[in-house]
Amino acid sequence: MAEKKPIQPFYLPQVSAPYSFIKQNLEEFGVFCRPVIVSVGQLKPLQKEVDLIKVTDISEVDEENLDPIFISNKDHILDGHHRTSSKKYKNGAKDKIKAIRI
């Protein structure tokens, strides 16, 4: 039996389509999602490393201009590691972030 290798960051997809498009397409496949607000401290990253320059740059962006992150039902970050790290870096683990739970 082959050993499972961990997911490397460059294999993770980036979600850049509008939420309404993603929601419609997921629901066509029987996958439902809903917007939520969660504490960044409860989220579990799948990506081991983030680019600190991106994290710093994102921390300077007004929160209203940031897209929500995508998370699983078990609070794994599917897309949005840099946005989550930026919120945690800027305001601490108790800060809240907009997310789409899939």
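Residues numbered from 1 in each chain as written. Predicted model: local features only at pLDDT ≥ 70, side-chain atom pairs only at ≥ 80, totals over all residues. Heavy atoms only, no water.

J.: Please give an account of the pattern of salt bridges that cites residues and values.
T.: Inspection of every chain in the model, using the stated rule, returns five salt bridges. A salt bridge links lysine 23 to glutamate 27, with the shortest nitrogen-to-oxygen separation between them at 3.4 Å. Note that lysine 23 and glutamate 27 are positioned in helix H1 (residues 19-28) at a spacing of four residues, about one turn of the helix. Judged by relative accessible area, which is 28%, lysine 23 ranks as partly exposed. Note that aspartate 95 and lysine 87 form a salt bridge whose closest N and O atoms lie 3.1 Å from each other. A single burial state applies to aspartate 95 and to lysine 87, both of which are buried. Through salt bridges with shared partners, one network takes in Glu63, Lys87 and Asp95. (Salt bridge = Lys/Arg side-chain N within 4 Å of Asp/Glu carboxyl O. Helix = DSSP H or I, 4+ residues; strand = E, 2+ residues; numbered from the N terminus. Buried < 20%, exposed > 50% of the residue type's maximum accessible area, 1.4 Å probe, protein only.)

J.: Give me the nonpolar core: which residues, what numbers.
T.: The biggest cluster of nonpolar side chains holds nine residues, and these are Val36, Val38, Val40, Leu43, Ile69, Ile71, Ile77, Ile97 and Ala99. The set of elements that each furnish at least two residues to this core consists of strand S1 (34-39), strand S3 (69-71) and strand S5 (96-101). Non-local contacts of valine 40, meaning those with residues more than four positions away in its chain, are made with Thr84, Lys87, Lys88, Gly92, Ala93, Asp95 and Ile97. (Core = buried A, V, L, I, M, F, W, Y, C linked by side-chain atoms within 4.5 Å. Contact = heavy atoms within 4.5 Å.)

J.: Explain the sheet that holds strand S4 (residues 76-79) residue by residue, including any values.
T.: Through backbone hydrogen bonds, the strands of a sheet pair up, either in parallel or in antiparallel fashion. Taken in spatial order, the five strands of this open sheet run S1-S5-S3-S4-S2, and their pairing is mixed. Bordering the open sheet on either side are S1 and strand S2 (44-45), each of which pairs with just one other strand. Bridge analysis of S3 against S4 gives two bridges, and the strand direction is antiparallel. The residue of S4 that forms the bridge with isoleucine 71 is isoleucine 77. (Pairing = 2+ DSSP bridges.)

Limitation: the analysis is restricted to geometry and does not speak to function.
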